[in-house]
Amino acid sequence: MAESTTTAGEAGHWGKEVRSDAHVAVEPRDRGGLEIELESRVAIYYGDAIRTQVAQVLDALAVKHARVSIHDEGALPFVLAARVEAAAKRAALTRASAVATLEKAALAQPSAKNRLRRSRLYLPGSEPKYFINAALHLPDAIILDLEDSVHPAEKDAARILVRNALRAVDFGTCERMVRINQLPLGLEDLNEIIPEAPDLVLVPKTENPGQVAKVDATIAELKTRHGITRPIWLMPILESALGIESALAIATASPNVAALTIGLEDYTADLGVAKTPEGHESLYARSRLVNAAKASGVQAIDSVFGDVADMQGLRHWGENARAMGFEGMGCIHPGQIPAVHEAFAPSQGEIDKALRIVAAFEEAQQKGLGVVSLGSKMIDPPVVERARKLVERARKMGKA
Amino acid sequence: MNDRIELARNAAGRMTPVVVNGKPQTPYLGVGKYQPTGSKAAPPIRSNRDYPRNGDKRVADLETALRHCGLRGGMVISSHHHLRDGDRVALLALEAAAKVGVKDLLWFPSASFPSQKGAIELMDKGVIHHIEGSMNGPLGDYCTQGKMRGMGVLRSHGGRWQAIQDGDVHIDIAVIAAPTADAFGNADGSHGKSACGSLGFALADSTYADRVIVVTDNLVPFPCIPWQIQGNNVDCVVEADSIGDPAKIVSGTTQITRSPDRLRIAEFVARFLRQSGIMRNGFSFQAGAGGIALAFVDYLRRMMKEDGVKARFVRGGSTRYLVELLQDGLTDYILDGQTFDLDGVKSIASDPRHIASSPFTSYNYHGKGNFASMVDAVVLGATEVDVNFNANVVTHSDGRLLHGIGGWQNCLDAGCTILALPSFRDRIPVIVDEVTTLTGPGELIDVVATERGIAVNPRRQDLLDAVKGSDLPIRPIQDIKAEVERICGGKPARPKRSTRPVAVVKWVDGTVLDTVWQVA
């Protein structure tokens, strides 16, 4: 047996309860080539495919000599590649990326700055089993999270996994969002994920426009370097009293800011108050955020509703948020998506009224009338504008 | 076992043994093609002069009862699974038989469960020759590893009744676990500390076996009311401290799946019934106790309420969710084949609209019709389905025995048969080129509902027309298959298997549908 020159690197998870993941240990060797040891619950169906793929990934990583032990729990190829790469990196065997060994999934149209963002489904960046079917539940966006849902010791592995998912997983028509870590760690996240062209990056714990500018500049540089032409929008998350007070400056820090959102757990902690289902304690912050967003021409997006079992509470929260001027919110479970979409949709009565107003306006325009009226009521220009926006939004939702 | 077993290709293109456990077999001929002839089997004539006039048939214990019933080597002993994984009686009976000193018994359970793995030791010792009945877990592995001396024979619930009626299996001694019984042998499952609901699986045995033993842990003075098993068919009654572990007999509550993907499948199925017009006043459906099936019932209940639709009857496996339908006035009756949770047991004991049915009324091929073909829709699971809608429910895709057939094959006779399945499990695609073990012919399987879309069998143009223009994601089955193979990184390799048969799968009519091969 060859002597190992450094310590082994390990990544991933295995065990009876683990699904769609694999644990990979890479032990460096001085010579002797690659020795791959595989234990897999799908060995008889994909054993050969797994060995072939692992050899390809190691080749791309320029790892020539190592003993690789794999406990596979049905990991899909993009997961397996990520675990092998993370383990090899932890063994200090490589700094290369094996992302190019994965086939690219079809990408939806580039995302428009003002696209519909009613719901974004959070997917913990170290839990690959949730990735693959997330888009089936039709959120407006999926958000691969590298921040709070990932243990500090797993940041490096999650970054690789999320990068692979951005390339290989078909997220359908969903906008592909990534929540990076707080700076400066977040900049390392960008290095890994930007080449795979996410549609939007959430910047957590933003407190000043400089942070947005830094992220924006880093993305711009990486886009140029990797030839990415699709837009990559920014959604700063305001999670502190200072962040809220800087809302306007943050929203206008870059033309790539498409929306502002709020993180209520951290915000209420910063205030030293309890977070309640009614949300009175964050009323000011949320109102301030909405106002700053509208003043800057970007979307205002609400936080998440944490109690998955309380659908009534979720609906109430969502309707209230819409009434305040928010255009969407986060979802922590696919079961929340329909209720959120319902909450952020205008009612049929509102749509009908808005359609009548727009029709009356167009008729007045044709007749060259300066004053628009509907029945016995005169309609002011801002009412027409609001009706137009509502109709446009309803059309995006397929409701008008 | 002889390794050179003669095989023949049946109408489904499967190679099946010509002789099984010394008995010549009819290979599967096609759905509805096999025409049985002759007369039904019958037990020997008994006379009431040989039984106590005071009706007290109690004997000291199971060993005495078996001796009294003339237990000899090579006999067929039957047992039943209404106590499910909590059953103690079957093993107690087989162990008592071992004490009597007999060998080479054929154990004929209506289903076996992992807690009965003690049967392996009895097979090793030669007490049991082989098992004809569903096997999974350790017993399934024992069989598929080729360690059993005889060949396993897997039958549906209806097929078991058929086999008893046409003499394919002659039961020498039936041992029936009874949650309540009297000394005459009248027995019922709805009351007692081990209450389990219906005893329907034991009914055939009680009428066709040479000898019948009732074992109870709740002896009541005559009469045991109600009685599902008639004491007039019973030879001996044995009192036991406990016939089973109540925690494993019924679950406290059956659980709806929490997986968003599986909920999505359940919702698709409910919407399919609604939008195809199958869900209408007076309709009927059957759903089991699996997580997806329960969630389906919950979705359908809401849709029935919204549309003001009431079912004439629903068929179980009864659970809390079916009981709620009954209590909410959304169905007139529950026709219950087996009772899965405490709500079901309570309901069957107290609500006259909740009826205990049996494989005879529901599933039997030799009946003058049965209920299965009168059910409008049934929702079932499967381990694999192929592009021609043939399905496998008995083995893993690696060939190891996984599930019994249960009522699954019989249910395929419903007006609309729906398989509700995730499109892959642990990277293993569920839609395949060819199923490992054919359990249900594709011509009887109408819809495959997965989280990635719903495939309708092209043979059912009427169903395709009925959902045309709906917002349901109707897709060709090949499309879903191709998408899943992309996700999983290509087609799975075909597991290698031996050429040695270890069990056969019977079709509902008693013909041989497919073979289970030894796994290394």
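The shown structure was predicted, so the numbers you read here are calculated from the model rather than taken from an experiment. (Residues numbered from 1 in each chain as written. Chains lettered and ligands numbered in written order. Predicted model: local features only at pLDDT ≥ 70, side-chain atom pairs only at ≥ 80, totals over all residues.)

### A closer look at the nonpolar core
Stage number 1. Of all hydrophobic cores here, the largest spans 273 residues; its most connected members are Leu260(A), Ile176(B), Ile213(B), Val269(B), Phe296(B) and Ala420(B).
Stage number 2. With nine residues, helix H2 (residues 77-90) of chain A is the largest single contributor of residues to this core.
Stage number 3. Setting aside residues no more than four positions away along its own chain, Ala420(B) makes contact with Ile265(B), Ala266(B), Val269(B), Ile292(B), Ala293(B), Phe296(B), Val379(B), Gly381(B) and Ala449(B).
Stage number 4. Among the nonpolar cores identified, the runner-up in size contains seven residues, and Ile351(A), Ala354(A), Val372(A) and Ala387(A) belong to it. (Core = buried A, V, L, I, M, F, W, Y, C linked by C-beta atoms within 7 Å. Buried ≥ 20, exposed ≤ 12 C-beta atoms within 10 Å, placed from the backbone. Helix = DSSP H or I, 4+ residues; strand = E, 2+ residues; numbered from the N terminus. Contact = placed C-beta atoms within 7 Å.)

### Quick notes on the confidence of the model for chain B
Stage number 1. In this model, chain B carries a mean pLDDT of 95, and residues with pLDDT of at least 70 account for 99%.
Stage number 2. Here the prediction assigns the complex a pTM of 0.92, and the interface score ipTM is 0.88. (pLDDT = per-residue confidence, 0-100.)

### Observations regarding the sheet that holds strand S3 (residues 34-40) of chain A
Residue and element names in this part refer to chain A.
Stage number 1. Within the open sheet, the four strands sit side by side as S1-S2-S4-S3. Their pairing is mixed. Two strands lie at the open edges of the sheet, namely strand S1 (9-12) and S3, each paired on one side alone. Taking the axes of each pair of neighbouring strands and ignoring which way they run, one obtains an average angle of 10° across the sheet.
Stage number 2. Looking at chain direction, S3 and strand S4 (residues 66-72) are connected through seven bridges and run parallel. In the sheet register, leucine 38 faces S4, and the bridge partner there is isoleucine 70.
Stage number 3. Strands S3 and S4 of the sheet are contacted by helix H1 (residues 43-60), whose axis makes an angle of about 145° with S3.
Stage number 4. Where H2 meets the sheet, its contacts fall on S1 and strand S2 (22-28), and the angle it forms with S1 comes to roughly 150°. (Pairing = 2+ DSSP bridges. Axes fitted to C-alpha atoms, helices over the stretch in contact; angles between N-to-C directions.)

### Notes on the packing of helix H3 (residues 155-168) of chain A against helix H4 (residues 185-193) of chain A
All names here are of chain A.
Stage number 1. In the contact formed by H3 and H4, the axes pass within 9 Å of each other and the chain directions differ by 35°. In terms of crossing hand, the pair formed by H3 and H4 is right-handed. Facing Lys155, Arg159, Ile160, Val162, Arg163 and Leu166 of H3, the residues of H4 in contact are Leu185, Asp189, Glu192 and Ile193.
Stage number 2. Looking at side-chain class alone, the contact of H3 with H4 contains five nonpolar, no polar and five charged residues. (Left-handed = near helix turned anticlockwise from the far one by under 90°. Nonpolar A, V, L, I, M, F, W, Y, C, P; charged D, E, K, R; others polar.)

### Quick look at the domain arrangement of chain A
Residue and element names in this part refer to chain A.
Stage number 1. One can read the domain layout of chain A as domain 1 (9-101), domain 2 (119-343) and domain 3 (348-396).
Stage number 2. Each of domain 1 and domain 2 was reduced to a C-alpha centroid, and the two centroids are 31 Å apart.
Stage number 3. Facing the 13 residues of domain 1 at the interface are 13 residues of domain 2.
Stage number 4. Residue contributions to the side of domain 1 that touches domain 2 peak at seven residues, all from H2.
Stage number 5. Each residue belonging to the side of domain 1 that touches domain 2 can be placed in one class, and the counts come to eight nonpolar, one polar and four charged. (Domains from an automatic or database assignment.)

### Things to note about the packing of H2(A) against H3(A)
All names here are of chain A.
Stage number 1. At a closest axis distance of 9 Å, the pairing of H2 and H3 adopts a crossing angle of 150°. The chirality of how H2 crosses H3 is right-handed. Residues Phe78, Val79, Ala81, Ala82, Glu85, Ala86 and Lys89 of H2 pack against Asp156, Ala157, Ile160, Leu161, Asn164, Ala165 and Ala168 of H3.
Stage number 2. Of the residues contributing to the contact of H2 with H3, the split by class is ten nonpolar, one polar and three charged.

### A word on the domain arrangement of chain B
Residue and element names in this part refer to chain B.
Stage number 1. Taken as a whole, chain B is organised into domain 1 (56-132 + 169-249) and domain 2 (260-495).
Stage number 2. Summarising the inter-unit geometry, the C-alpha centres of domain 1 and domain 2 are found 32 Å apart.
Stage number 3. The interface is formed by 13 residues belonging to domain 1 together with 14 residues belonging to domain 2.
Stage number 4. Grouping the constituent residues of the side of domain 1 that touches domain 2 by class yields six nonpolar, seven polar and no charged.

### A few points about the sheet that holds strand S25 (residues 431-432) of chain B
Paired through backbone hydrogen bonds, the strands of a sheet run either parallel or antiparallel to each other.
Residue and element names in this part refer to chain B.
Stage number 1. With mixed pairing, the three strands of this open sheet are ordered in space as S21-S20-S25. Every interior strand has two partners, whereas the edge strands, strand S21 (391-392) and S25, have only one.
Stage number 2. Two strands pair when backbone bridges link them, and strand S20 (residues 384-386) and S25 are joined in this way by two bridges, in the parallel orientation. Counterpart to aspartate 386 in the pairing with S25 is valine 432.

### Points about the interface of chain B and chain A
Stage number 1. With 16 residues of chain B at the contact, the number on the chain A side is 18 residues.
Stage number 2. Element by element, the count of residues in the side of chain B that touches chain A is highest for helix H8 (residues 260-275) of chain B, at three residues.
Stage number 3. When its residues are assigned to classes, the side of chain B that touches chain A shows seven nonpolar, two polar and seven charged.

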